[in-house]
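# Examination of the molecular architecture
Given next are the chains, with one letter for each unit.
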Amino acid sequence: MAATGKQLLSMAEDSVREKSTERLENRLTIHDFMRMQEFFKFLQPQQVLQPSKSLTSPPKARSSIVSRDKQIPTHHGPSRIILHTEAEYLSELKLPESNESTGTMTRDEFVDKMSTAVRQGTREEYGELFDKIDLIRDGLIDWDKLTSFVLLELYERDERARRSVIPHWKDLRFLPLIHKDAVQKITLLKSPISYLTVSRSGLLGCWGESLKLQRTLQITTEAVKPKDLWVTSLVALPNVNKVAVSFTSKEIYFAELNSKQGFSCQYRLQGFVGTVICMDYWYNPHDGNDAILTMGDVCGQVHAIVFNTALISLFERPSHSTEDENVTMTLTWQELVSGYHKCCYVLRHKLHDKEWVRQVAYIPSLDVFLSVTTSSTNTLVLAWREKLSPRLTTTTFHVAQGVNAFDFHSRLNLIATAGVNRHVCLWNPYVTSKPAGVLEGHSDSVIAVRFITERKLLFSFGKDKVLRIWDIQHQLCIQRISGSFPKSLDFHSTLCFDESHGRLFISFNNQLTLLEMEQDPGKSRVASHRKAVTCILYNSVLQQVISSDAGSTVIFWLIDTGQKIKEFTGCHGNAEISTMALDGTQTRLFTGSTDGTVKIWDFNGHCHHKLNAGRDRAVEISQIMVLSWTILVLGWDRTITVFRLSSLTQFLVQPSEWKGGARHQDDILCAAFLPPQTLVTGSSDGDIVVWNNSTESACSKLHLNSRRSLKSSSGSQVQRNVTSAGRLSSRRHTLSAADYANSDENSHSISRLFFLEARNVSVSGGANLVSCGGAGYVRFWNTQRGKLLAEFEAHSGVGSIIMATDQRSQYLITGDLVGWVKIWNIEEGHWRIGNHVPSFPKEENKYDAEEENDIKKNTVSSVEEEEPPPIPVEQAVPATEDNDNFACVLNIWDNTILGKRYKEGKTQKRRKHTLFNRTAVIKPTVVFRSLNIEALEETTEMNESDFLLHPDKYFGEKLAEKDSEDLKLPTLSATLKAAFDEKNLFPKEILDREKKSRQLHEEMCNRGRITNERKQGKLKGK
């Protein structure tokens, strides 16, 4: 039902006050589109862009729409477009079948008419909708463009809704260790649900649905001794309740699966030319007699046994044999090839040219046999069956360096291959020239691939021990799992995926591991992360939110829909990610962890560099700052840890030396940068140091008097201690707000620093730096004058706070540990200043003045004198006299000559030594009681003086900020001297072994070359 006029008016008024989080095109109803249609239909003919085509056919590509083969989705919801078929939807929006033409609208016309008539959104939202439709930016849209855009947008939304979310995994589980050597195969049995594992030595394990070991069987053969037994593969034949096991003795055993007498072999097939190393079995679910067993051997041959009466008997027994099933029947491969057994026949080909066949499969939907090898020629072979003929028609694919494994998606008709060249390729079985897609991200050869059919996702697992999950449609890595697998250098691995139960089995030599999906996540409390969230970033280029947690997981979210699109797990092993940062191009992600390292990632989950910030120590990193030429890492030391971009030529990068040395007395927690060269750092003891980033030298130091006390508006006093604050732990979510408020660690530390870059303090003389942290205070500084201009208590009694500012330096957002978030208007002219109450006695005033005078005498360039506190503009809070201050004023001893001399001597003893000459002790000139947002009175415009607009004409000085505008700093990628060397990922033993093999190969080649030259010389001599 469409909304009434009053409801629409109310919705419009609400949308003006607060913009809806749902996009406008998703809020429009069928009646809204009918109103829009009327406006387009009755426009003047001269405004026609082109005749409107009938909407009874699917929307085709216009100049602004990309043509796609899509279906119209189904949507349900109150006051929404309710559709069931494409024809029903288009009939609602269909124009009359006459030859009338639809007109066009400009942006202003569209915004004016639609915001007035439809009233579903604001003018800004209709302007944004126009810009989305007018992709070619010709300033005009017609009804055809509008409906095409809406149809495709609805389809995309329906696709996003149908597409399953990224799978959530439970912690990696290690199954009981039953095998003594490498696991060769893991097989799933669907009825009943059970799992079979077989090791190289022939130990067969049967696991129940609850993953409890039910029994084990030792496979034995008559041909070899148990100690020489080597199983190569195993496959289940569920329709006949048997298993087939292949051995290096070039034979295959067919045994009863549920036999109570152990491994009871019924058929022994022997006489193969080459050892069978891989097998696959298929049977017709509608007729169990039709079945195919496919085999691949070490000689490059692919064999297939096609059974016609599998339920009756796999092979024909000789007439003289007994009917006892416990007696093993021996067959030879030549008997099957010759056609002796009428219940089955053989298909085969030899296109792999004596290369080991790594995997085989029969695809019933295509009626084709698939096989792969690690050869660069005839890598992937498709052998098509011909009806009523034993011949096979083959198609070959060539993949560089070969393929280890493959998988087929019957619905998408795609073949995924696990390449030795580290690439996962997606192939159309009918196109051999090039793959339909290439998925890159593994740093070593890919071992296995598996499709998740229902989710349209793909697993890939490589020798780099990284499990990646790919979105097939967008060909992007959406999840990366690493760090939790066993740490063995050389390992044999096999993979099995049970999609119905969401279980992924991966073997590492003799160890079985299990990754299990969380079932029905909607029944539990919805959480973005499994562990506490530690950091959040926003990528304005991709319009994505990036979040990290204490479990070393990074997740990417779409800002408009909140959909999770990528997840990287185990980025720093099990260490907590304490902070993150983006580079200037927002194409590289920096993660800092409590293990003392910083890693540089691309958005496919590949780690390019590892920065050893803690110098092999476990330290807590609080901030990463990426500048044009350097990367600054802070949080655990009194000095700045710096990495030069020019040194990022290796995977593991060591820090460089910061030329400025240690200028803080305690750990540096945060920093801020103001182009072109101003850098400020804040420490846990409340000091702020201003640096010249180009020369890495300290310019000045800003800090409050450590002995003064700050007053809150309620009169509560928070004592500022002189003791060291210590480092701020990234695990502060485990502390309560009361604990934080009472701790000395949080009393005067600085947790955040931000420059107000939108302000021109050279002209206004106002604040260009804002800080926050201990005791809930926010302070405003002028770094050029070295002054504290103002402060106010944003949060009372909750301990340390954090903050952020907008780009225009108009709003300040603060948050505390209790959960309160406050938004302040800090634009100049909106501040209500309360009555200034001195928060320190006269004795400290004299001490501060004397110390400041001494500093001015010793500094080369003195800091400006403190201006007196401004006269309060209004009485916001009644001033109350402090008893201590009053007693201090009436103290007669202070007014005597002897008392003054005694106090001066005592003051000299207590005076602290400064770290460097240019230290300024600063007193705030005003204390804010509140910040309110008010409407400004209209003021008449005044022309600014010419010397303010053009100071360089009168004073002959060029500001550093102006000079920096012409300076084009290189991007992060331009500063890299060398490409990332992936060999640094491997241990030294492997590299040495590879080096020796190469040297041996070169020596053999040289010997062969010398031998050939000698032979040719002898022939010429003859």
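Values in this document were obtained by computation on a predicted structure and should not be read as measured data. Every chain is numbered independently, its residues counted from 1 as its sequence is written. Confidence filtering applies because this is a predicted model: local features only for residues at pLDDT of at least 70, side-chain atom pairs given and counted only at 80 or more, and all residues used for totals across whole chains, interfaces and linings. Side-chain measures here rest on the full set of heavy atoms in the structure, leaving out hydrogens and waters.

## Quick notes on the pairing of strand E29 (residues 495-498)
Formally: Buried means the residue's accessible area, taken with a 1.4 Å probe over protein chains only, is under 20% of the maximum for its type, while exposed means over 50%, and partly exposed covers the values in between. A run of H or I in DSSP becomes a helix once it reaches four residues, and a run of E becomes a strand once it reaches two; helices and strands are each numbered from the N terminus. In this analysis, strands are considered paired if DSSP registers two or more bridges between them.
Going residue by residue along E29, you find Leu-495 and Phe-497 tucked away on one face and Cys-496 and Asp-498 tucked away on the opposite face as well. Where E29 lies against strand E30 (residues 503-508), four bridges are found, and the strand directions are antiparallel. Paired with Leu-495 across the two strands is Ile-506, which belongs to E30. Connecting the antiparallel pair E29 and E30 is a turn made up of four residues, with Gly-502 showing a positive phi of about 65°.

## Brief notes about the nonpolar core
Rules: Residues belong to a common nonpolar core when they are buried Ala, Val, Leu, Ile, Met, Phe, Trp, Tyr or Cys residues joined through side-chain atoms within 4.5 Å.
Counting 27 residues, the largest nonpolar core has Ile-252, Phe-254, Leu-269, Met-295, Ile-305, Phe-307 and Phe-315 as the members making the most contacts within it. Grouped together as the second largest cluster of nonpolar side chains are 22 residues, Ala-448, Leu-467, Ile-481 and Phe-485 included.

## Regarding the environment of Arg-503
Applicable threshold: The contact rule is simple, with two residues in contact once any of their heavy atoms fall within 4.5 Å. Pairs of N or O atoms are called polar contacts if they sit within 3.5 Å, as long as, within protein, a hydrogen donor faces a hydrogen acceptor (for residues adjacent in sequence, only side-chain-to-side-chain pairs).
Residue position: Arg-503 is located in strand E30. Overall, the relative accessible area of 9% leaves Arg-503 in the buried class. Taking the C-alpha atoms as reference points, Arg-503 and Glu-516, 13 residues apart in sequence, are found 4.6 Å from one another. Setting aside residues no more than four positions away along its own chain, Arg-503 makes contact with Tyr-195, Glu-209, Leu-211, Cys-496, Phe-497, Asp-498, Leu-514, Leu-515 and Glu-516. At a separation of 2.7 Å, a polar atom in the side chain of Arg-503 contacts the main-chain carbonyl oxygen of Glu-209.

## Structural notes on the pattern of salt bridges
So the rule is basically this: In the sections that follow, a salt bridge refers to a side-chain nitrogen of Lys or Arg positioned within 4 Å of a carboxyl oxygen of Asp or Glu.
For the structure shown, the criterion picks out 13 salt bridges. Between Arg-107 and Asp-131 there is a salt bridge, and its shortest N-O distance comes to 3.1 Å. Highlighted residues: Arg-107 in helix H5 (residues 107-117) and Asp-131 in helix H6 (residues 123-133), separated in sequence by 24 residues. Classification of Arg-107 by relative accessible area gives partly exposed; the value is 34%. Of the charged contacts in the structure, one is a salt bridge between Asp-112 and Arg-123, with a shortest N-O distance of 2.8 Å. Here Asp-112 is found in helix H5, whereas its partner Arg-123 is found in helix H6, with 11 residues between them in sequence. Residue classification places Arg-123 among the partly exposed positions, given a relative accessible area of 46%.

## A look at the confidence of the model for the protein chain
Going by this rule: The score called pLDDT rates the predictor's confidence residue by residue, from a low of 0 to a high of 100.
Mean pLDDT over the protein chain stands at 75; residues scoring 70 or higher make up 69%. Of the regions scoring below 50 in pLDDT, residues 44-101 engages in 103 contacts with residues more than four places distant in sequence or in other chains. Every residue in residues 957-967 scores below 50 in pLDDT, and together they form eight contacts with partners more than four places removed in sequence or on other chains.

## Brief notes about the pairing of strand E11 (residues 264-270)
Of all seven residues in E11, six are buried, a share of seventy percent or more. Taken together, the six bridges between strand E10 (residues 251-256) and E11 define a ladder with antiparallel strand orientation. When the bridges of E11 are listed, Ala-255 appears paired with Cys-265. Across four bridges, E11 lies against strand E15 (residues 329-332) in parallel orientation. The partner of Arg-268 across the bridge, within E15, is Thr-330.

## Observations concerning the side chain of Arg-268
Note that Arg-268 resides in strand E11. For Arg-268, the contacting residues outside a window of four places in its chain are Glu-222, Glu-251, Ile-252, Tyr-253, Thr-328, Met-329, Thr-330 and Leu-331.

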